[in-house]
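Remarks on the overall topology
The primary structure of each chain is shown beneath.
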Amino acid sequence: MNFKCLLFLLISCFSFAQNSEFPTAKVDSIVNRIQLPIFASYQINIQKLGAKGDSISNNKAAFDKAMALCKKNNGGTIIVPKGIYKINGPIHFVSNVNLKIEKGAKIKFSDNPQDYLPMVLTSWEGTMLYNYSPLIYAYQCSNIAITGEGTIDGEGGKTWKSFKAKEEAGKNRSREMNHTNVPLKERTFGEGYFLRPQMIQFFNCKNILVENIRIENSPFWCLHLLKSQSITVRGVSYKSLNYNNDGIDPEYAKDVLIENVTFDNGDDNVAIKAGRDHEGRANTLTPSENIVIRNCNFKGLHGVVIGSEMSAGVQNVYVENCKTVGYLKRGIYLKTNADRGGFIKNIFVRNIQLDQVEDCLYMTANYHGEGKGFQSEISNIHFSNISCNKASESGIVIQGFADKKIKNISLKNIEIKSAKNAISNENAENVLMSDVFIGQRATVPTAAK
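Below is a summary of the structure that appears in this document. (Residues numbered from 1 in each chain as written. Predicted model: local features only at pLDDT ≥ 70, side-chain atom pairs only at ≥ 80, totals over all residues. Heavy atoms only, no water.)

Quick notes on the overall build of the chain
Scanning the chain from N- to C-terminus turns up six helices and 31 strands. Compactness check: the chain gives a C-alpha radius of gyration of 23 Å against a globular reference of 22 Å for 449 residues, within 12% of the reference. In terms of overall dimensions, the chain has a C-alpha envelope of 85 × 45 × 40 Å along the principal axes. Counting across all 449 residues of the chain, residues that qualify as buried make up 55%. When the accessible area of the chain is evaluated, it comes to approximately 18800 Å², of which 48% is carbon and sulfur surface. In the chain, the 53 positive side-chain charges and the 43 negative ones have mean positions that sit 3 Å from each other. (Helix = DSSP H or I, 4+ residues; strand = E, 2+ residues; numbered from the N terminus. Rg over C-alpha atoms; globule rule 2.2 N^0.38 Å. Buried < 20%, exposed > 50% of the residue type's maximum accessible area, 1.4 Å probe, protein only. Areas by Shrake-Rupley, 256 points an atom, 1.4 Å probe, with all protein chains shown as cover. Lys, Arg positive; Asp, Glu negative; His and termini not counted. Charge placed at Lys NZ, Arg CZ, Asp CG, Glu CD.)

Here it is in C-alpha cells:
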C-alpha cells in the first residue's frame, strides 16, 4: 500500500470515528421543522348528528356527515364523547380535521370485509395496489389529527385474522405485479384475495398529529405513514396482538417524530420501510428519511426495525432513550436481502435499555437468504450506550456479502450481560468497537502459579 492510500485510509477512519457521535443538532433541526396541524374553531359533537355510543348502532352515516360538515366549514374538530361507537365501514378524512376521541370513548369498527368496499388506492407490504379501505384512511390531506384519550378498536381478531391463512395467492400476485411493472390501474385486489387492510393509513398527507389515543386489535399494520411528511406521533398506547400488528410503519415517509409511545404489539413496534423491489427502486427520490424515535417503551416482536421492504432507501434515523417493558425477539433489527437494492445508512441509536431478547443488535443483508442481483448498501450505523440483560441467542450480528460488505459500524459502550453467542461478524469492514462487554466483564489477569 503506497503512502497516499494509507493516508486516505487513516483520514477516512478518523472522519468516521468523529462522525459517530449522536448528532443532536440534526435531530433538533428535524423536530423544529415538523409542523403541527392547525384547525379552525368549528366543532361538531358526533352525538348531535345522531351517533349513539351504545356499542350496537351503526354510526357510519354520522361520521361521514361530520367530515362533510368540517369540509364545508374549512375544517374543524369532530368530538367523540364517552361511549362505544360501532362503525360499519371506514372513516375517510378530509383536510383540516381533528378527530378527537375523548376519554371513555371507543370507536369500534365492524369486521365485515364488505363494509370496506369500494376499494381504494393503498399499499400492501411495499406494493401499490387497490384493496379494501383502511379502517381510517386519509388520502392527499393536510393538517389532520387523531387526538384524545379514547380508543380505536379494529376488531381484527376474528374474520380478519382468518385471512392470514388464505392470503398467499393474493400476496404472490401483488409481488409478481411489482416485479413485472403491471400498470397500477390493473392491480385490483379486495374480495377473494384476502389481503387485510391497515387500521390507520395516512397516504400522501402532511402535517399530521396522532396523540394520546389507544390502538387495539388491528386487522393488519396499525398506523401506516405512507408517502407522508411532517408527522408527530406521541403519547399513543397499544394493545394489538394479531398477525402483522406492527405499531408504526413509516414508508416513503419524511420528517417523522415518534415519542413517548407505549407499545404492546404482535409484531414490530416501529418498522421503517421504503417500498419493495422493482417498485421501490424506481422511487429512489423518496426514501424514508429524517425519522426521530425517542422516549418509547418497547414490547412485542422487535423494537425498531428497518426493512425488509426498503428498496427506495432509508437514511437519517435517530433512536434514543428507549427501553423495554417485556420480551422482544430482537432489539434493533436492520434487514434486507439481494432482491431489495436501495440503502440503509446514517442510523444512530443510543441510550437503549433492553431486558431479555433473542438477539440484541442484528444487521443482515441476507434476510431469509432470498434474492439475487440487487444487494443493498448498509453503511454508517452507530450504536452507543446500549444495555441488555440477556440475549438467548446472539449479542451482536453483522451479515454482509463478500462482494457487498456492510461498512462503517461503530459500537460504543455496549453491555450485554449474558448471550449464548457473543458476536457474529461476517463480511463487514471498518467495524469500530469501544467499551463493548458481552458476558462477564474481564478483570485484571491473575498471576501465574
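Some details on the sheet that holds strand E18 (residues 237-239)
A sheet is described by the order of its strands in space; here six strands give the open sequence E2-E4-E7-E12-E15-E18, paired in parallel fashion. In the strand order of this sheet, the two ends are held by strand E2 (54-58) and E18, each with one partner. Direction aside, the axes of adjacent strands within the sheet are offset by 20° on average. Pairing of strand E7 (residues 105-109) with strand E12 (residues 151-153) involves three bridges; the strand directions are parallel. Each bridged residue has a counterpart across the sheet, and for lysine 108 the counterpart in E12 is aspartate 153. (Pairing = 2+ DSSP bridges. Axes fitted to C-alpha atoms, helices over the stretch in contact; angles between N-to-C directions.)

Here we look at empty space enclosed by the protein
As enumerated under the stated definition, the model contains one cavity of 30 Å³ or more in all. If you add up the space inside the largest cavity, you get close to 30 Å³. Considering the residues around the largest cavity, the lining is formed by Ser20, Glu21, Phe22, Phe348, Val349, Arg350, His382 and Ser384. Mapped onto the lining of the largest cavity, the elements with two or more residues apiece are strand E27 (343-364) and strand E28 (377-399). Residue contributions to the lining of the largest cavity peak at three residues, all from E27. (1 Å grid on protein atoms, 1.4 Å probe; cavity = no way out; pocket = protein on both sides within 12 Å on 5 of 7 lines; lining within 4 Å. Points joined across faces, edges and corners; volume = space filled by probe spheres on them.)

Re the environment of lysine 161
Its place among the elements puts lysine 161 in helix H4 (residues 159-163). Taking the C-alpha atoms as reference points, lysine 161 and asparagine 172, separated by eleven residues in sequence, lie 19 Å from one another. If we skip the residues at most four places from it in the chain, lysine 161 touches Gly156, Asn242 and Tyr243. (Contact = heavy atoms within 4.5 Å.)

Quick look at the nonpolar core
Generally speaking, soluble globular proteins have nonpolar side chains that are buried together. In this structure, Phe93, Phe202, Ile293 and Phe383 are the most contacted members of the largest nonpolar core, which totals 103 residues. Among the elements that take part in this core, E27 stands out by supplying nine residues, more than any other. (Core = buried A, V, L, I, M, F, W, Y, C linked by side-chain atoms within 4.5 Å.)

Quick look at helix H3 (residues 60-72)
For H3, which comprises 13 residues, the first-to-last C-alpha distance of 19 Å matches the rise-based estimate of 18 Å (1.5 Å per residue) to within 8%. Of the positions making up H3, those classed as buried are Lys60, Ala62, Phe63, Ala66, Met67 and Cys70. Backbone geometry just after H3 places asparagine 74 at a positive phi near 60°. (Expected span 1.5 Å × (residues − 1).)

Side note on the pattern of salt bridges
What the rule picks out here adds up to 25 salt bridges. Where lysine 158 meets glutamate 155, a salt bridge forms, and the shortest distance between an N and an O atom there is 3.3 Å. Glutamate 155 gets classed as buried once you look at its relative accessible area, which sits at 12%. A salt bridge links arginine 441 to glutamate 415; its shortest N-O distance comes to 3.1 Å. (Salt bridge = Lys/Arg side-chain N within 4 Å of Asp/Glu carboxyl O.)

As for helix H5 (residues 168-179)
Helix length check: H5 (twelve residues) gives 16 Å between terminal C-alpha atoms against 16 Å at 1.5 Å per residue, within 8%. Among all positions in H5, only Gly170, Lys171, Ser174, Arg175, Met177 and Asn178 are buried. For H5, the angular spread of the buried residues around the axis is 155°, confining them to a single face. Buried residues belonging to H5 abut strand E8 (120-124), strand E9 (127-131) and helix H6 (277-281). Positive phi appears at asparagine 181, one or two residues downstream of H5, with a value of about 60°. (Arc of directions from axis to C-beta.)

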